[in-house]
Structures are given as structure tokens and as C-alpha cells.
Amino acid sequence: MMETVALRSVLDYHDANVLSVYLDVNPAKPANQGGRRAYQIWLADQLKNLADSIVNGEKRFWRDQAARLQEFVDSFRPSSKGVVIFSGAGLWQVFEMPEAPRNRIWWGQPLTVPLRRYLARRHRYGLVIADQEKARFFAGDPYVIEELSTAELNNRMAEEPSRHETTSFRGGGGVVASGDRDDDLQGRAQAVQRRFMDSVVQQMAQLATEYDIQRWTIAGQTENRAILKDEMPPALRDAVISERTLPSTAGKGEIQEKVLSAWQVFELQERTVLVDKLLQQGETGFQVVMGLEKTLEAIQEGRSSLVLIDYDLDGEVWVCPQCGWVALAAQECPVCGKEMRLVHLATAIERRAREMGSEVEIINGEPARKLKINGEIGAFLRF
Ligand SMILES: [Zn+2]
């Protein structure tokens with residue numbers, strides 16, 4: 001599972017002397033192989049450049065964090081395409097990423113927005129792969145999946161006829177209606193199958209509660225999926241967003257390839273709907289605001305319920321270290337008069353929105369293109 005506790009520790013860290021680094025460490029790239037790797041060279045250059053811009057009061061903190069980071073990256077052996085590191089006096093977090101990010105470095109409050117693209121999921125997902133005698137259960141998000149448990153057809157299911165079975169293939173008086181033994185055997189096998197799938201469905205419901213799963217992918221052969229769906233109560237059936245043909249013996253690689261992409265597409269579709277809705281309502285200004293200035297104003301007035309931010313939104317903004325006020329241009333806080341600090345724009349807005357009780361969605365890919373030409377940011381309003 002993605003480390004949400006670790007992410008929370010970064011999001012809640014308010015000290016401004018933090019080095020945030022995003023690196024494309026993809027081991028498949030030739031430039032990232034051999035003794036001196038591309039990302040190591042990039043980082044060394046950036047640290048050198050940044051060092052000149054660090055003000056006197058921060059130099060000591062800077063030296064500690066830069067040295068620790070350099071040392072870590074030089075001995076780091078990546079097992080994923082990207083890595084994100086946060087290094088501060090009371091903070092050290094490393095996140096390995098399933099995709100290579102754009103190389104970035106930032107000194108100040110933690111630069112969390114690009115990371116949230118991967119960690120911010122809209123739903124928790126479940127996967128069940130079922131065949132006639134076995135079912136495997138998984139939970140995850142669009143980038144990570146883990147196996148939870150297995151269910152197998154047991155003797156009890158095979159031997160004890162249920163009431164369901166009695167009514168389904170015997171006549172009303174309990175007399176076998178048909179003399180055809182093959183039919184009986186077939187009916188009995190079907191009943192056993194249904195009982196097994198019914199137990200699978202019960203386990204799905206249990207896991208959904210335990211792991212907070214809101215959406216499901218069901219996998220297996222077509223006929224098994226059909227029986228499974230047949231046994232599901234309507235609410236659970238509605239939570240099924242995709243089906244995949246997968247053998248119950250599938251390995252982790254095959255499962256990831258077939259399932260994670262479906263979950264990514266699902267979330268992309270949901271975000272597309274959100275952006276379209278924002279733009280549509282934006283045409284008449286109905287309960288939405290668009291653009292940086294108006295969105296920031298709505299956030300700080302507590303009117304925003306959901307902010308959509310373009311993943312690539314870059315730049316800086318002023319933040320008051322005392323009361324948290326955010327301003328596009330101000331040396332002193334208009335609220336409390338304290339001297340303000342320059343902070344990464346998207347990160348500052350995300351933090352401020354969360355403080356003010358608003359949800360935030362980081363938008364990337366196709367829907368981000370539409371958002372980009374409409375001010376890169378907007379918000380749905382409570383009032
Ligand atoms: Zn202030």
C-alpha cells in the first residue's frame with residue numbers, strides 16, 4: 001500500500017528548511033546506468049546552483065540537508081522508475097514511484113503536489129480472481145496492489161445440499177423430477193458452484209468493510225464471472241467497474257499490468273468529468289471560480305469545497321508563517337503584519353485549501369490540458 005502515514009508526516013511538516021527532490025531514476029534508461037548516473041549528475045549540479053541562493057540564516061540547515069541527500073542518492077540503488085525524497089531537520093522520507101517524475105528540486109516547505117499525483121487516489125479498489133474452486137482477493141489503488149487472502153471450494157460446500165439447491169433442481173415434493181442422471185449431476189455441480197461463489201461474494205463484502213474498498217474489478221473466465229455477478233447483491237454489482245480475463249494462477253506482473261491500468265483509466269475518467277463540470281459551470285459562473293486569483297480568494301474565504309489544480313502549475317506565492325495567509329503579491333501579511341515567505345505555488349495552495357476544509361484534486365493528463373487553458377486552477381464552491 002502506498003505509505004499514507006508517511007505522506008501525512010510530510011504534508012503536516014511546517015518547517016521551511018526542507019529539501020524536496022524528485023528524480024527520474026528509471027534503471028531502464030541507459031543514462032541511468034553505469035558509474036555516474038544522469039540523475040546523480042543532475043542533482044550535484046542543482047545542489048551547487050541552489051547553494052548560492054541560500055540566505056545566511058539558512059546556510060547551516062542547507063548544508064546538513066544537502067550533504068545527507070547527496071550521500072543517500074550516491075548509494076541509492078533504485079528498484080522503481082522514480083524516487084522522491086524529503087530531507088529536513090526532523091524529516092526524512094523516501095517514496096519510490098511507479099512512474100518517472102520530471103526532475104525537480106525545491107528548498108523551502110516540502111514540495112508535495114507532484115507526489116500527490118501518485119498518492120492521491122479517489123478510491124480504494126478491490127480485485128477478485130475467481131475460478132471454479134479458488135478465489136484470490138486483492139486490494140490497492142491505481143499504482144499499487146497487494147494480495148489479501150484466498151478462498152477455496154471446501155468439502156462442506158461440495159457435500160451439504162443447501163435449501164437453495166433443493167428448490168432449484170427438485171420438484172416441490174422433494175422428489176427428483178427428472179430421471180436423467182446427467183442432468184442431476186450437472187444441476188448438483190452448478191449448485192456447488194453457486195454456493196462457492198456466494199461465499200466469495202460474502203468475503204468481498206467483508207473485505208470491502210475491512211479495507212474500505214469502494215470499487216471492484218472481477219477477473220476469471222467469462223462463465224465464472226457471470227456466476228459471481230449473479231450472486232452479488234445489487235450494491236456490490238454496481239461497485240464493479242471492470243472485468244478482466246485472468247487465470248487464478250496469474251503472477252503479480254500480469255495482474256498489475258491488466259488491473260492497475262483499468263483503475264488508472266477509471267480515475268482519469270472521473271477527473272475528466274470533474275474538469276468538464278468545472279468548465280461548464282464556469283461559463284456561467286455557477287457555483288465555481290476559475291483562475292488563480294479568484295480561486296485563492298474563495299479558498300481563504302472558506303467557500304471552496306473542491307479545488308482542481310493542474311499538475312504542472314508552477315511558480316511561487318507569498319505565505320504568512322504566522323497565520324497561514326496566502327497572497328500573490330505582498331511582502332507583509334495583510335492580516336497580521338508578519339513578514340511573508342515565498343513558497344511553491346501549488347504546494348501553498350494545496351495546504352491552504354486543506355486548512356480551510358476544502359478537498360483538493362491534482363489533475364494531470366488529458367483533462368489537465370483543458371484546465372490549463374482555463375487558468376490552470378479552479379474550485380467548486382459551497383456558496
Ligand atoms: Zn499573517
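Being a predicted model, the structure only gives us computed values, none of them experimental.

Definitions and limits used
Residues numbered from 1 in each chain as written. Predicted model: local features only at pLDDT ≥ 70, side-chain atom pairs only at ≥ 80, totals over all residues. Heavy atoms only, no water. Helix = DSSP H or I, 4+ residues; strand = E, 2+ residues; numbered from the N terminus. Buried < 20%, exposed > 50% of the residue type's maximum accessible area, 1.4 Å probe, protein only. Contact = heavy atoms within 4.5 Å. Areas by Shrake-Rupley, 256 points an atom, 1.4 Å probe, with all protein chains shown as cover. Lys, Arg positive; Asp, Glu negative; His and termini not counted. Charge placed at Lys NZ, Arg CZ, Asp CG, Glu CD. Pairing = 2+ DSSP bridges. Axes fitted to C-alpha atoms, helices over the stretch in contact; angles between N-to-C directions. Donors = N, O, S within 2.8 Å, 3.2 Å for Na, K, Ca; no water. Tetrahedral: all angles 85-135°; square planar, octahedral: opposite > 155°, others 65-115°. Parallel < 35°, antiparallel > 145°, perpendicular 65-115°, else oblique. Nonpolar A, V, L, I, M, F, W, Y, C, P; charged D, E, K, R; others polar.

**Quick word on the overall build of the chain**
1) Next: In terms of regular secondary structure, the chain is built from 13 helices and 16 strands.
2) Next: Reported as C-alpha extents along the three principal axes, the dimensions of the chain are approximately 95 × 55 × 35 Å.
3) Next: The proportion of buried residues among the 383 residues of the chain is 48%.
4) Next: Restricting to contacts in the chain with at least 6 residues of sequence separation, those with at least 24 account for 70%.
5) Next: Put simply, the chain shows about 18,800 Å² of open surface, and 48% of that area lies on carbon and sulfur atoms.
6) Next: Mean positive and mean negative side-chain charge positions of the chain (47 and 54 charges, respectively) differ by 3 Å.

**Remarks on the sheet that holds strand β7 (residues 145-152)**
1) Next: The strand order across the open sheet formed by five strands is β7-β6-β5-β8-β9, and the pairing between neighbours is mixed. Every other strand in the sheet has two partners, leaving β7 and β9 (240-244) as the edge strands with one partner each. Mean inter-strand twist for the sheet, computed between neighbouring axes without regard to direction, equals 20 degrees.
2) Next: Here four bridges tie strand β8 (residues 215-220) to β9, and the two strands are oriented parallel to one another. Counted as the bridge partner of Thr217 is Ser242 from β9.
3) Next: Sheet contacts for helix α8 (residues 222-231): β5 (125-130), β8 and β9; angle to β8, the most-contacted strand, approximately 140 degrees.
4) Next: Together, β5, β6 (134-140), β7, β8 and β9 form the strand contacts of helix α10 (residues 252-284), whose direction differs from that of β5 by roughly 140 degrees.

**A look at the coordination of the zinc ion**
1) Next: In this structure, Cys320 (SG), Cys323 (SG), Cys333 (SG) and Cys336 (SG) serve as the protein donors to the zinc ion, at separations of 2.3 Å.
2) Next: Coordination geometry of the zinc ion: the four donor atoms subtend angles of 100 to 123 degrees at the metal centre, consistent with an arrangement described as tetrahedral.
3) Next: For the zinc ion, the single-chain donor residues occur in sequence as C-x2-C-x9-C-x2-C. Placement of the pair is Cys323 in the loop between β12 (316-319) and β13 (326-327) and Cys333 in the loop between β13 and β14 (341-344), with a sequence separation of 10 residues.

**Description of the packing of helix α2 (residues 38-53) against helix α3 (residues 59-75)**
1) Next: In contact at an axis separation of 11 Å, α2 and α3 are set at 175 degrees when each is read in the N-to-C sense. Viewed along their axes, α2 and α3 adopt a mutual orientation that is roughly antiparallel. When α2 is examined against α3, the residues Tyr39, Gln40, Leu43, Ala44, Leu47, Leu50 and Ala51 are found in contact with a partner set consisting of Lys59, Trp62, Ala66, Leu69, Gln70, Val73 and Asp74.
2) Next: Within the contact of α2 with α3, the residues separate by chemical class into 10 nonpolar, two polar and two charged.

**Some details on the environment of Ala348**
1) Next: Topologically, Ala348 is positioned in helix α12 (residues 345-355).
2) Next: Setting aside anything within four residues of it in sequence, one finds Ala348 in contact with Val317, Val319, Val326 and Val343.

**Some thoughts on the pairing of strand β11 (residues 304-310)**
1) Next: Of all seven residues in β11, six are buried; the element is thus mostly enclosed.
2) Next: Note that β11 and strand β16 (residues 377-381) share five bridges and pair antiparallel. Looking across to β16, one finds that Ile309 is bridged to Ile377.
3) Next: For β11 and strand β15 (residues 359-363), the ladder comprises five bridges, and the chain directions are parallel. Its bridge partner lying in β15, Leu308 is registered against Glu361.

**Some details on α12**
1) Next: The buried fraction of α12 amounts to nine of the 11 residues, a majority that puts the element mostly inside the structure.
2) Next: Among all positions in α12, only Leu345, Ala346, Thr347, Ala348, Ile349, Glu350, Arg351, Arg352 and Ala353 are buried.
3) Next: Phi for Gly357, located one or two positions after α12, is positive at around 85 degrees.

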